[in-house]
2 protein chains.
Amino acid sequence: MKITVQRDKLSNAVSHVSKAVSSRTTIPILTGIKIKADEEGLTLTASDSDVSIEVQIPLEEADEWGVTVHQAGNIVLPARIFSEIVRKLPSNEIHIEADERLVTSIRSGQAEFSINGMDANEYPQLPHLEEEKVFSIPGDLLKTMIRQTVFGVSTSEMRPILTGLMWSLEQGKLRFVATDSHRLASRTAMVECPEELSFHNVVVPGKSCNELVKILDEDQSPADIVVTDNQILVKSKHILFYSRLLEGTYPDTTRIIPQGSKTEITVNTKEFLQSIERASLLSREGKSNVVKMVTLPDGNVEITSNAPEIGKVTDVLQPKAMEGEELKISFNAKYMIDALRAIDSSEIKASFNGPMSPFVLRPTDHDWMLHLILPVRTY
Amino acid sequence: MKITVQRDKLSNAVSHVSKAVSSRTTIPILTGIKIKADEEGLTLTASDSDVSIEVQIPLEEADEWGVTVHQAGNIVLPARIFSEIVRKLPSNEIHIEADERLVTSIRSGQAEFSINGMDANEYPQLPHLEEEKVFSIPGDLLKTMIRQTVFGVSTSEMRPILTGLMWSLEQGKLRFVATDSHRLASRTAMVECPEELSFHNVVVPGKSCNELVKILDEDQSPADIVVTDNQILVKSKHILFYSRLLEGTYPDTTRIIPQGSKTEITVNTKEFLQSIERASLLSREGKSNVVKMVTLPDGNVEITSNAPEIGKVTDVLQPKAMEGEELKISFNAKYMIDALRAIDSSEIKASFNGPMSPFVLRPTDHDWMLHLILPVRTY
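Small disclaimer: the values here were computed from a predicted structure and weren't measured.

A. Broad picture of the overall build of chain A. Scanning chain A from terminus to terminus reveals six helices and 28 strands. Along the first, second and third principal axes, the C-alpha atoms of chain A reach 80 × 55 × 40 Å. Expressed as a percentage of the 379 residues in chain A, the buried residues total 55%. Within chain A, counting contacts between residues at least 6 apart in sequence, those at least 24 apart form 67% of the total. Accessible surface for chain A amounts to roughly 17,700 Å². Of this, 46% is attributable to carbon and sulfur atoms.

Next comes the structure, spelled out in structure tokens:
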């Protein structure tokens, strides 16, 4: 292999694929980045078996030079040191040449590195996905949808299926659901897809979703998504992101969302959030992180918490509207803060069914999002 | 104690003094911040026995309201929770009231905290310093001088005196010296002081110096410095910073700085730094972090390093000037990088006395700074 490549493009590609490099060294070749040069350009690949990322650098793009391939071929280079070298090289052009002993010369300006590579034939093949179930979504929307739900996945391996984000698609409506069985986050959006395309129970590991968020750009350029039985592939510009899916059946969460409500409180999202954050300064000193909320006869809402030894806090919130029964309820402050931070609408409606039943938070300006939280029994 | 205080001023003061709060809880009262209200305003104090910081909030300053003291008094509040509360309070005015049982109410807007305080009479007294040896230096210069030397203090407790930065003053010339016996950093500057004022062997713990850097503003407002036998006090605006001094005699470092030189190389600081940084990508994989430097017959300088298993690197540097004998020398890349990063001049002169002797780096545009490094014997 012998190539000349533009430094910033290589540096970007390396930093993208590096996110998939395994930190464990049980499979030594996966601590490397695979570099393949052919007539189309350069392809970099990294994988930790769960997530694989592939980035292409075309020969030319929008009249801008990317790479010149003097001799096709491939090599695997140690990821950490290669990525540091690329970042520190002095000139805009980088010459990379691998010989038959796998020794790889990396030249730029007056600097020359000589690095021992690994055999690319030993690098595992990425899955070849049949492109049957394909749909498309703006990259920034996909990013937002993940951010607004993924915090709700379980971190416990007791029920592994709950450590994933459940994706489903029906009649053009994409839905993400996360739950750790104490709270649930759901977000839907309309996407571009063939009319008959639908799937359920596609459970993407939470960790993969978090990596995907880092890779996607903050713009509307489309991400094309391919779903198979055990893999998902997200294609955005020159980046291919593969993740394995979790095996098992995701629980049916539709039935736990209460339909009616006994008390409804409409409140400014930010004021509510700040009030809970203040209360949590004390509640989190205790193990259960419990905050209490009580409706007052004057139409206000009182939020309190206390920490033995340290002290207590009382906050009074003026809701926009309140309907139904009076309410005394306790909940985990962290779940409430996570949900309120994920809501980008300025106003929410909270619907309660008494102190023992799950309650629901919804933005008042759209129906695409829902957060459900189980109360803590203190009353 | 009963006061009303402006939130941002209190928040700033708390964040400054918090830097001195002890994380160890061997002396429980030092996990708190002492708050004293009197006719002059509010004084906040925190201390970890080595470093103490005091910040004053005057009643009024430049026509801007700071604090109103309704009833003088004092209290000690738990530092971490108090600082978090202050940051999260909703309104510009904060009411603080401590009762005789030390229970302290903190009110702002609709939020009210009630926190258990500690008895301020149990808080240790800060040393009272005789203001005999006082000099003055612009705050940003003091900050720069510390940053350009403090990295050189020893981190080993083998010779505790070397873990400090040595301050001396003679004929208006303030000098900072740091050494860990493998390298030395020195920085001098002229300061405003009484003609007869001089001191030596004032050794300020490196950790204290690093804290002091965080406290000082990036402007020329003067820092007044009081030096006593076992304490140093730095006063800047409303902040008083106390540090204990290290006991013992700092070694005489003047004699180890070589006078003549056999090889002199003048080079662009940034190019030299980047070249060493590239070489260190490989050298630091080894234990000794050694980089080799060799003068070439064509007047250039070759910098090389290698890491067994991984590979090697060669870099060629074009110096501005080179005089004297040819040179082959090896040194620790970290020491060189630390020194070059501390030099804010665009060009340096490096003076060598053969491969076994310490060498010196100096900016070419002024005489206020010097870095000395001991080579590693590989040739």
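B. Region of interest: the environment of Met322(A). All names here are of chain A. With respect to the helices, strands and loops of the structure, Met322 is situated in strand β24 (residues 321-324). For Met322, a relative accessible area of 28% puts it in the partly exposed group. Separated by 21 residues in sequence, Met322 and Val301 place their C-alpha atoms 9.4 Å apart.

C. The relation of the copies chain B and chain A, seen in detail. For the pair chain B and chain A, the relating rotation is 180 degrees, the translation along its axis is 0.0 Å, and the fit reaches an RMSD of 0.0 Å. Given the turn and translation reported, the copies of this chain are related as if by a two-fold rotation axis.

D. Spatial organisation of the interface of chain B and chain A. In this complex, chain B contributes 28 residues to the contact, which on the side of chain A involves 28 residues. For the pair chain B and chain A, the summed buried area comes to about 2,600 Å², and 53% of that belongs to carbon and sulfur atoms. Area buried by chain B at its contact with chain A is led by Lys88(B), Arg278(B) and Leu281(B), which between them contribute 22% of it. Our enumeration of links across chain B and chain A arrives at six salt bridges. For the salt bridge of Glu285(A) with Arg80(B), the shortest nitrogen-to-oxygen distance reads 3.1 Å. Between chain B and chain A we count 16 residue pairs in polar contact (both at pLDDT 80 or more) in total.

E. A look at the UniProt feature "domain: DNA polymerase III beta sliding clamp N-terminal" (unreviewed entry) in chain A. In the numbering adopted here, UniProt assigns the feature "domain: DNA polymerase III beta sliding clamp N-terminal" (unreviewed entry) to residues 1-127 of chain A. Counting secondary structure, residues 1-127 of chain A comes out at 17% helix and 47% strand; the distance between its end C-alpha atoms is 24 Å.

F. Examining the pattern of salt bridges more closely. Scanning the model with the defined rule gives 46 salt bridges over all chains in all. Between Asp38(B) and Lys36(B) there is a salt bridge, with the nearest N and O atoms lying 3.8 Å from each other. Owing to a relative accessible area of 18%, Asp38(B) belongs among the buried residues under this scheme. With relative accessibility at 31%, the residue Lys36(B) sits in the partly exposed group. Look at the salt bridges and you will find they share partners, linking Arg80(A), Glu84(A), Arg284(B) and Glu285(B) into a network.

G. Fine view of the packing of aromatic side chains. Overall, the coordinates contain eight aromatic pairs over all chains when judged by the stated rule. One aromatic cluster is present, formed by Phe331(A), Phe352(A) and Phe359(A) through successive ring pairs.

H. Geometry of the pairing of strand β17 (residues 222-227) of chain B. All names here are of chain B. In terms of strand pairing, strand β12 (residues 134-138) meets β17 through five bridges, oriented antiparallel. Bridge pairing in β17 places Ile137 opposite Ala223. Here β17 pairs with strand β18 (residues 231-236) via five bridges, running antiparallel. In the sheet register, Ile225 faces β18, and the bridge partner there is Val234. Here β17 hands over to β18 after three residues, the two strands then running antiparallel side by side.

I. Structural context of the sheet that holds strand β20 (residues 263-268) of chain A. Residue and element names in this part refer to chain A. If you trace the nine strands from one edge of the open sheet to the other, you get β16-β13-β14-β15-β28-β27-β26-β20-β24, paired in antiparallel fashion. Two strands close off the open sheet at either side, each with one partner strand: β16 (199-205) and β24. Between one strand and the next, the sheet's axes are offset by a mean angle of 20 degrees, whatever the strand orientation. Bridge analysis of strand β15 (residues 183-190) against strand β28 (residues 369-373) gives five bridges, and the strand direction is antiparallel.

J. Broad picture of the sheet that holds strand β23 (residues 311-317) of chain A. The strand order across the open sheet formed by nine strands is β25(A)-β21(A)-β22(A)-β23(A)-β11(B)-β10(B)-β9(B)-β1(B)-β7(B), and the pairing between neighbours is antiparallel. Each of the sheet's edge strands pairs with one partner strand only, and the pair in question is β25 (328-332) of chain A together with β7 (67-71) of chain B. Direction aside, the axes of adjacent strands within the sheet are offset by 15 degrees on average. Taken together, the seven bridges between strand β22 (residues 301-307) of chain A and β23(A) define a ladder with antiparallel strand orientation. Residue pairing for β23(A): Ile303(A) is matched across the bridge by Asp315(A).

K. Broad picture of the pairing of strand β4 (residues 51-58) of chain B. Residue and element names in this part refer to chain B. Of all eight residues that make up β4, six are buried, and the element is covered over most of its length. Bridge analysis of strand β3 (residues 41-47) against β4 gives seven bridges, and the strand direction is antiparallel. Opposite Ala46, over in β4, you have Ile53 as the bridge partner. Across five bridges, the pairing between β4 and strand β19 (residues 239-244) is antiparallel. Across the sheet, Ser52 pairs through a bridge with Tyr242, a residue of β19.

L. Main features of the UniProt feature "domain: DNA polymerase III beta sliding clamp central" (unreviewed entry) in chain A. Within this numbering scheme, the UniProt entry marks residues 137-252 of chain A as carrying the feature "domain: DNA polymerase III beta sliding clamp central" (unreviewed entry). Measuring from the first to the last C-alpha atom of residues 137-252 of chain A gives 25 Å, for a span that is 16% helix and 42% strand.

M. Seen up close, the side chain of Asp338(A). Residues and elements named next belong to chain A. In this structure, Asp338 sits in helix α6 (residues 333-342). Asp338 sits in the buried class, given a relative accessible area of 15%. Sequence-distant contacts of Asp338, defined by excluding residues within four places in its chain, comprise Phe151 and Arg183.

N. Summary view of the packing of helix α1 (residues 7-18) of chain B against helix α2 (residues 79-88) of chain B. Residue and element names in this part refer to chain B. At a minimum axis separation of 9 Å, α1 and α2 run at an interaxial angle of 150 degrees. Considered as vectors, α1 and α2 are oriented roughly antiparallel to each other. Handedness of the α1/α2 crossing: left-handed. In this structure, α1 uses Arg7, Leu10, Ser11, Val14 and Ser18 to contact α2, whose residues at the interface are Phe82, Ser83, Val86 and Arg87. Its residues assigned to classes, the contact of α1 with α2 comprises four nonpolar, three polar and two charged.

O. Structural detail: α2(B). Burial analysis of α2(B) places seven of its ten residues in the buried class, which makes it a mostly covered element. All of the buried residues in α2(B) are Ala79(B), Ile81(B), Phe82(B), Ser83(B), Glu84(B), Ile85(B) and Val86(B).

P. Looking closely at the side chain of Ser243(B). All names here are of chain B. With respect to the helices, strands and loops of the structure, Ser243 is situated in strand β19. A relative accessible area of 0% means that Ser243 is categorised as buried. A polar side-chain atom of Ser243 sits 2.8 Å from a polar atom in the side chain of Ser208.

Quick notes on the rules
Residues numbered from 1 in each chain as written. Chains lettered and ligands numbered in written order. Predicted model: local features only at pLDDT ≥ 70, side-chain atom pairs only at ≥ 80, totals over all residues. Heavy atoms only, no water. Helix = DSSP H or I, 4+ residues; strand = E, 2+ residues; numbered from the N terminus. Buried < 20%, exposed > 50% of the residue type's maximum accessible area, 1.4 Å probe, protein only. Contact = heavy atoms within 4.5 Å. Areas by Shrake-Rupley, 256 points an atom, 1.4 Å probe, with all protein chains shown as cover. Least-squares fit on C-alpha atoms with pLDDT ≥ 70 in both. Buried area = accessible area lost by both parts, 1.4 Å probe. Salt bridge = Lys/Arg side-chain N within 4 Å of Asp/Glu carboxyl O. Polar contact = N/O pair within 3.5 Å; in protein donor to acceptor, adjacent residues only side chain to side chain. UniProt positions renumbered as here; feature names shortened; annotations may be inferred. Phe/Tyr/Trp six-rings, centres within 6.5 Å; stacked < 30°, edge-to-face > 60°. Pairing = 2+ DSSP bridges. Axes fitted to C-alpha atoms, helices over the stretch in contact; angles between N-to-C directions. Parallel < 35°, antiparallel > 145°, perpendicular 65-115°, else oblique. Left-handed = near helix turned anticlockwise from the far one by under 90°. Nonpolar A, V, L, I, M, F, W, Y, C, P; charged D, E, K, R; others polar.

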